[in-house]
Number of protein chains: 2
Amino acid sequence: MVVGLGPGPAEWMTPEASAAIEAASDIVGYGAYVERLVLRADQRAHASDNRVEMERARLALKLAAEGREVAVVSGGDPGVFAMAAAVLEALDASDDARWGAVELNIVPGVSAAMATAAQAGAPLGHDFCMLSLSDNLKPWSIIETRLRHAAQADLVMAFYNPISRARPWQLDKALDIVREYRAPATKVVLGRDIGRPGASLRSTALGELRSGDVDMRTMVILGSSTTRGFARGVQGEWVYTPRWYE
Amino acid sequence: MVVGLGPGPAEWMTPEASAAIEAASDIVGYGAYVERLVLRADQRAHASDNRVEMERARLALKLAAEGREVAVVSGGDPGVFAMAAAVLEALDASDDARWGAVELNIVPGVSAAMATAAQAGAPLGHDFCMLSLSDNLKPWSIIETRLRHAAQADLVMAFYNPISRARPWQLDKALDIVREYRAPATKVVLGRDIGRPGASLRSTALGELRSGDVDMRTMVILGSSTTRGFARGVQGEWVYTPRWYE
């Protein structure tokens, strides 16, 4: 099973995901996700580092082919910049019939972008895209092309992997590209660690946004030309993208 | 509360969504979603027709302002082409202080597109967009522009509201546009009623796809140039979009 744990709290984890963890003999995943789970003494945890998705996927398939009940865990939804694609890629590349005979199921979850959007209002309420700004696995030129077209399409954008120590300049460059097409007043939502301890949420404007406001645990949602905000009680604002277009 | 019920089955509904329904005195929503729920005798159901989202949103805010505990329900995630944006729009347009004082929470859910993707493999495994093909609330020209840019950006696309009796030609036109940029062999996933009785899933190619293969209950996921498939046991195929780009 490739299991989406949701963004963090038990209340955002589906019953199917909980049952999959319960039934697993082996839990395979990035350390931070495996550590979220309370496991029984008879369950084995195989926690690994970030950026070793393919090794993790192969380990999971090897264990499953040996007859173990394996749960590969991802935060959010496992199909969005996460482990489902890595497991399928490992399976696709293998000609081991035992791997091919593994019964594979993918258990969807609440995605980090949608959970962040729900806290902010409904910024993903109309046409949108989800883009990874990481150039670890794709050339930066592809990312630029996608940003230019997404900006011209007036799509709301959710950025995964917006910035990291190894990728310090990419977010500024991405924002420069978007600023060629979108007004400085364009709404931006920043959700950090949404669903986890110390979560924070704020909204700002594209013209005010600095890459220093964002770290690798921040979900950035950049509005379209129609995304708007209004006061939310005594402080903060609701941000939403209307369903209609003038 | 604006509550995402997920695509259908209880196993895809989060504990937070279940608790919100349990706590509600009034359930407001499109008939097909309200009917999914088993309500107590003391809970009032306010089921309405499709396409009356704004009336439904205003009814919910009116009831909440009167002190009722209201759950507005959406299938999938409430922030994706669903009720969260309508409720915020109704609140934004109102100057009734009682509406402004309503304590509003949005409860995210598993989206229909991500649940369909999980059944098919991981077609949304890399950069993608979600587009509504309905021109009820936006001009068709905007949809065309978005399709052209999304196609040139080589984004995977999930189509919401792909076709209906009132919108019979739009899907063919949308596919014609995408075919200008993508090869006939491009992978397409069609998931109908995923998570509900009689669910069906199949994959095909852009060159083979006909609008007659799709109805209003079908989620269409159209691959990028890198989306690929491979045999899945004795029949069918897994479809995924690799995390990397050559």
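To start, this report covers the structure provided alongside it. (Residues numbered from 1 in each chain as written. Chains lettered and ligands numbered in written order. Predicted model: local features only at pLDDT ≥ 70, side-chain atom pairs only at ≥ 80, totals over all residues. Heavy atoms only, no water.)

1. A closer look at the packing of helix H7 (residues 140–152) of chain B against helix H8 (residues 170–179) of chain B
Residue and element names in this part refer to chain B.
Phase 1: The contact between H7 and H8 brings their axes to 9 Å, and the two run at 30 degrees. Seen along the crossing, H7 lies across H8 with a hand that is right-handed. Of the residues in H8, those in contact with Trp 140, Glu 144, Leu 147 and Arg 148 of H7 are Gln 170, Lys 173, Ala 174, Ile 177 and Val 178.
Phase 2: Its residues assigned to classes, the contact of H7 with H8 shows five nonpolar, one polar and three charged. (Axes fitted to C-alpha atoms, helices over the stretch in contact; angles between N-to-C directions. Helix = DSSP H or I, 4+ residues; strand = E, 2+ residues; numbered from the N terminus. Left-handed = near helix turned anticlockwise from the far one by under 90°. Contact = heavy atoms within 4.5 Å. Nonpolar A, V, L, I, M, F, W, Y, C, P; charged D, E, K, R; others polar.)

2. Concerning the packing of aromatic side chains
Phase 1: Scanning the entire structure with this criterion turns up eight aromatic pairs over all chains.
Phase 2: Plain terms: the ring middles of Trp 140 of chain B and Trp 169 of chain B are 5.2 Å apart, the flat faces sit at 70 degrees to each other, and that makes the pair edge-to-face. With Trp 140 of chain B in helix H7 and Trp 169 of chain B in the loop between strand E8 (156–160) and H8, the pair connects residues that are 29 residues apart, well separated along the chain.
Phase 3: Ring geometry for Phe 230 of chain B against Tyr 240 of chain B: centres 6.0 Å apart, planes inclined by 80 degrees, an arrangement best described as edge-to-face. Note that Phe 230 of chain B is positioned in strand E12 (residues 228–231) and Tyr 240 of chain B in strand E13 (residues 237–240), a separation of 10 residues in sequence.
Phase 4: Assessed through its relative accessible area of 14%, Phe 230 of chain B is described here as buried.
Phase 5: Judged by its relative accessible area of 1%, Tyr 240 of chain B is buried.
Phase 6: Arg 232 of chain A extends its terminal NZ or CZ atom over the ring of Trp 238 of chain A, reaching a point 3.6 Å from the ring centre. (Phe/Tyr/Trp six-rings, centres within 6.5 Å; stacked < 30°, edge-to-face > 60°. Buried < 20%, exposed > 50% of the residue type's maximum accessible area, 1.4 Å probe, protein only. Lys NZ or Arg CZ within 6 Å of the ring centre and 35° of its normal.)

3. Remarks on the state of the cysteines
Phase 1: All told, the structure shown has zero disulfides over all chains when counted by the stated rule.
Phase 2: Free cysteine Cys 129 of chain A: the closest other cysteine sulfur is in Cys 129 of chain B, separated by 6.8 Å.
Phase 3: Taking the relative accessible area as the measure of exposure, Cys 129 of chain B reaches 0% and is therefore buried. (Disulfide = S-S within 2.5 Å.)

4. Comments concerning helix H3 (residues 53–65) of chain A
Residue and element names in this part refer to chain A.
Phase 1: When the terminal C-alpha atoms of H3 are compared, their 18 Å separation across 13 residues agrees well with the 18 Å that a helix rising 1.5 Å per residue should span.
Phase 2: Of the positions making up H3, those classed as buried are Met 54, Arg 56, Ala 57, Ala 60, Leu 61 and Leu 63.
Phase 3: The elements touched by buried residues of H3 are strand E2 (26–30), strand E3 (44–48), strand E4 (70–74), helix H4 (83–93) and helix H5 (97–100).
Phase 4: Of the residues flanking the end of H3, it is Gly 67, one or two places downstream, whose phi is positive at about 100 degrees. (Expected span 1.5 Å × (residues − 1).)

5. As for the packing of H3 of chain A against H4 of chain A
Residues and elements named next belong to chain A.
Phase 1: At their nearest, the axes of H3 and H4 sit 8 Å apart, and the two run at 65 degrees to each other. When the axes of H3 and H4 are compared, the pair comes out roughly perpendicular. Where H3 crosses over H4, the two elements pack in a sense that is right-handed. Contacts between H3 and H4 pair Glu 53, Met 54, Arg 56, Ala 57, Arg 58 and Leu 61 from the former with Met 83, Ala 86, Val 87, Glu 89, Ala 90 and Leu 91 from the latter.
Phase 2: Considering only residue class, the contact of H3 with H4 consists of eight nonpolar, no polar and four charged. (Parallel < 35°, antiparallel > 145°, perpendicular 65-115°, else oblique.)

6. Description of the pattern of salt bridges
Phase 1: Enumeration over the complete set of coordinates arrives at 42 salt bridges over all chains.
Phase 2: Arg 182 of chain A serves as the salt-bridge partner of Asp 154 of chain A, at 3.8 Å between the closest nitrogen and oxygen. Linking Asp 154 of chain A in the loop between helix H7 (140–152) and strand E8 (156–160) with Arg 182 of chain A in the loop between helix H8 (170–179) and strand E9 (187–192), this pair joins segments that are 28 residues apart in sequence. Here the two residues Asp 154 of chain A and Arg 182 of chain A agree in accessibility, since each one is buried.
Phase 3: Two residues, Asp 42 of chain B and Arg 40 of chain B, come together in a salt bridge whose shortest N-O distance is 2.9 Å.
Phase 4: Judged by its relative accessible area of 34%, Arg 40 of chain B is partly exposed. (Salt bridge = Lys/Arg side-chain N within 4 Å of Asp/Glu carboxyl O.)

7. A look at the interface of chain A and chain B
Phase 1: The interface is formed by 63 residues belonging to chain A together with 63 residues belonging to chain B.
Phase 2: Across the chain A/chain B interface, buried area totals approximately 5700 Å², and carbon plus sulfur atoms make up 63% of it.
Phase 3: Looking only at chain A, the three residues that lose the most surface to chain B are Met 114, Arg 146 and Arg 243 of chain A, adding up to 13% of its buried area.
Phase 4: Counting every contact that joins chain A to chain B gives 10 salt bridges.
Phase 5: It is H4 of chain A that contributes the most residues to the side of chain A that touches chain B, seven residues altogether. (Buried area = accessible area lost by both parts, 1.4 Å probe.)

8. Looking at the sheet that holds strand E6 (residues 121–122) of chain A
Phase 1: With mixed pairing, the three strands of this open sheet are ordered in space as E6-E13-E12 (chain A). Looking at which strands have only one partner, the edges of the open sheet turn out to be E6 and strand E12 (228–231) of chain A.
Phase 2: Note that E6 of chain A and strand E13 (residues 237–240) of chain A share two bridges and pair parallel. By the bridge assignment for E13 of chain A, Ala 122 of chain A is matched with Tyr 240 of chain A.
Phase 3: Helix H4 (residues 83–93) of chain B contacts E6, E12 and E13 of chain A of the sheet and is inclined by roughly 130 degrees relative to E13 of chain A. (Pairing = 2+ DSSP bridges.)

9. Some thoughts on unusual backbone geometry
Phase 1: Positive phi values are uncommon outside glycine, yet Asp 154 of chain A reaches one of about 60 degrees.
Phase 2: Of the residues examined, Asp 154 of chain A reaches a relative accessible area of 10% and is grouped as buried.
Phase 3: Phi is positive for Asp 193 of chain B, which is not a glycine, with a value near 55 degrees.
Phase 4: The residue Asp 193 of chain B is located in the loop between strand E9 (187–192) and strand E10 (200–205) in this model.

10. Concerning the sheet that holds E13 of chain B
Phase 1: Read across the sheet, three strands follow the order E6-E13-E12 (chain B) without closing on themselves; strand pairing throughout is mixed. Where the open sheet ends on each side, the last strands, each with one partner, are strand E6 (121–122) and E12 of chain B.
Phase 2: Where H4 of chain A meets the sheet, it contacts E6, E12 and E13 of chain B, and its direction lies at approximately 130 degrees from that of E13 of chain B.

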